[in-house]
Amino acid sequence: MTTADRTRDARATASDPPRPGSSGRRRPGASAVVLAVLLLLFAALAVTTNRFLSLDNARAILASAAFVGITAVGATLVMVSGSAVSLATSQTATVVAMAFLASSRLGLAAAVLIALACGAALTAMQGAIIGFWGANPIVLTIAAGFATGGAATWFSGGTPVYPAARAYEALNATWLGLPVAVYVLLAVTVIAQWTLRRTTAGRQMYLVGENRAAARAAGLPVGRVTVLAWAFFGACTALTGVFLASFNTSATVTLGGTLTLDAIAAVLVGGTAIAGGHGSALQTLGGAVLISVLSDVLLLRGFATGTQILVKGVLVLAVVIAVHLRTHRSRR
């Protein structure tokens, strides 16, 4: 297969054009109808919730979406390239947050660069093992999660890590009424979308995710592509860790919280195929906002944290089933 052929295949995969004879007139499947009805019911529930339709609440939703969304956008590249998901996201964000606060005496720019380097290096090593040696990403990231969590405990001694300087306060500022993290989320989304759609590496991620064995046989640099996807994901996770540390003004071993599951949920709700080959950073951004809105509505209505996690789990399950049925129907 020539480079031109691979490029055309990548563009076809990226745009996901409808198959001949299956355009516009196809009736929506039952799963799509059910999903649409659920979304309408949720929209009605949201607009009838007290204080939901307020400017302050909208800002809170965007701020909440930013923390999860930055990581989820990075995870989109990992999932698109066929590496499934990382189960060490929370631990990575935690250890990076500690490194950021500990190095803040060097200045904000230096501390952020150190954090980005730590995050990218941690995940790039995992990507190399997956891409070059074919390790199972689930098993590998479970092990990485234990190792990284142990490193965070060793580094902090089990106590909170506090900033060595107050330079981090600049990251808690607001521009035009929105937190800095929201603008970073938008910038990261644009970069990720441009990378996936407009660069050779991005198009190769789609090809590798669609069929890793075929991509390797065609001479594509599977290992390098996988490392690039994971390094970008690590940098995004590091940014989330930096903002979490700045927002909380400290870092503990539990700082990452449910970031792992929330990021996975945002990517899947955005429609990215967990098996790889299909996905979009823009759709993940929408998934992150939807997850944030859902959590906000449940919180305003007084539901407990356990209920919020349960509802998010059910939503992800419904979306995964709908995507699977749609993909299965399109391949028949």
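In what follows, the structure referred to is the one given above.
Reading the values: the criteria
Residues numbered from 1 in each chain as written. Predicted model: local features only at pLDDT ≥ 70, side-chain atom pairs only at ≥ 80, totals over all residues. Heavy atoms only, no water. Patch = residues over 30% accessible without salt bridge, like charges linked within 9 Å, V, L, I, M, F, W, Y side chains within 5 Å. Areas by Shrake-Rupley, 256 points an atom, 1.4 Å probe, with all protein chains shown as cover. Salt bridge = Lys/Arg side-chain N within 4 Å of Asp/Glu carboxyl O. Helix = DSSP H or I, 4+ residues; strand = E, 2+ residues; numbered from the N terminus. Buried < 20%, exposed > 50% of the residue type's maximum accessible area, 1.4 Å probe, protein only. Contact = heavy atoms within 4.5 Å. Core = buried A, V, L, I, M, F, W, Y, C linked by side-chain atoms within 4.5 Å. 1 Å grid on protein atoms, 1.4 Å probe; cavity = no way out; pocket = protein on both sides within 12 Å on 5 of 7 lines; lining within 4 Å. Points joined across faces, edges and corners; volume = space filled by probe spheres on them. Nonpolar A, V, L, I, M, F, W, Y, C, P; charged D, E, K, R; others polar. Axes fitted to C-alpha atoms, helices over the stretch in contact; angles between N-to-C directions. Polar contact = N/O pair within 3.5 Å; in protein donor to acceptor, adjacent residues only side chain to side chain. Phe/Tyr/Trp six-rings, centres within 6.5 Å; stacked < 30°, edge-to-face > 60°.

Caption draft 1: Seen up close, a nonpolar patch on the surface. Judged by side-chain polarity, Leu87, Ile138, Val139, Ile142 and Phe146 come together as a nonpolar surface patch covering roughly 450 Å² of accessible area. Looking at the secondary structure, you find Val139 in helix H6 (residues 137–156). Overall, the relative accessible area of 55% leaves Val139 in the exposed class.

Caption draft 2: View of the environment of Cys118. Inspection of the secondary structure assignment puts Cys118 in helix H5 (residues 108–133). If we ignore the near neighbours within four places in the chain, the residues touching Cys118 are Val96 and Ala99.

Caption draft 3: Spatial organisation of the environment of Pro179. Residue placement: Pro179 occurs in strand E2 (residues 178–179). Look at Pro179 and you get partly exposed, because its relative accessible area is 21%. C-alpha separation for the pair Pro179 and Ala60, spaced 119 residues apart in sequence, amounts to 9.3 Å. The residues contacting Pro179, other than those within four sequence positions of it, are Ala63, Ala173 and Thr174.

Caption draft 4: Main features of the nonpolar core. Counting residues in each nonpolar core, the largest one holds 46 residues, and the members touching the most others are Phe100, Met205 and Phe243. Met205 has contacts with Leu77, Val80, Ser81, Leu196, Val225, Leu228 and Ala229, leaving out every residue within four places of it along the chain. Core analysis: the second largest hydrophobic core is formed by 26 residues, Ala75, Val269, Leu294 and Val319 among them.

Caption draft 5: Main features of the pattern of salt bridges. For the coordinates displayed, the defined rule picks out 3 salt bridges. Two residues, Arg59 and Asp56, come together in a salt bridge whose shortest N-O distance is 3.6 Å. Within this pair, Arg59 and its partner Asp56 are both found in helix H3 (residues 55–80), separated by 3 residues, close to a single helical turn. By relative accessible area, which is 57% here, Asp56 ends up exposed.

Caption draft 6: A look at the layout of surface pockets. Estimates place the volume of the second largest pocket at around 850 Å³. Residue lining of the second largest pocket: 33 residues in total, with Ser64, Phe67, Val68, Leu244 and Asp262 positioned closest to the centre. Elements represented by at least two residues in the lining of the second largest pocket include exactly H3, helix H10 (222–248), helix H11 (259–269), helix H12 (281–300) and helix H13 (305–331). In terms of residue count, H3 provides more of the lining of the second largest pocket than any other element does, 7 residues in total. Classifying every residue of the lining of the second largest pocket by side-chain character gives 19 nonpolar, 11 polar and 3 charged.

Caption draft 7: Broad picture of the packing of helix H7 (residues 180–198) against H12. As a packed pair, H7 and H12 sit with axes 8 Å apart at the nearest point and diverge in direction by 145°. Contacts from Leu185, Leu186, Thr189, Ala192, Gln193 and Leu196 of H7 reach H12 at Ala281, Leu282 and Leu285.

Caption draft 8: Structural context of the side chain of Thr49. Looking at the secondary structure, you find Thr49 in the loop between helix H2 (30–47) and H3. Classification of Thr49 by relative accessible area gives buried; the value is 6%. One polar contact links Thr49 to Arg301, side chain to side chain, over a distance of 2.9 Å. When near neighbours in sequence (up to four residues on either side) are disregarded, Thr49 contacts Val297, Leu300 and Arg301.

Caption draft 9: The arrangement of the packing of aromatic side chains in detail. Within this structure, the stated rule accounts for 3 aromatic pairs. With centroids separated by 5.6 Å and ring planes inclined at 40°, the aromatic side chains of Trp175 and Tyr183 adopt a geometry described as tilted. On the basis of relative accessible area, Tyr183 is assigned to the partly exposed category, the value being 25%.

Spatial relationships are all this shows, so hold off on functional conclusions.
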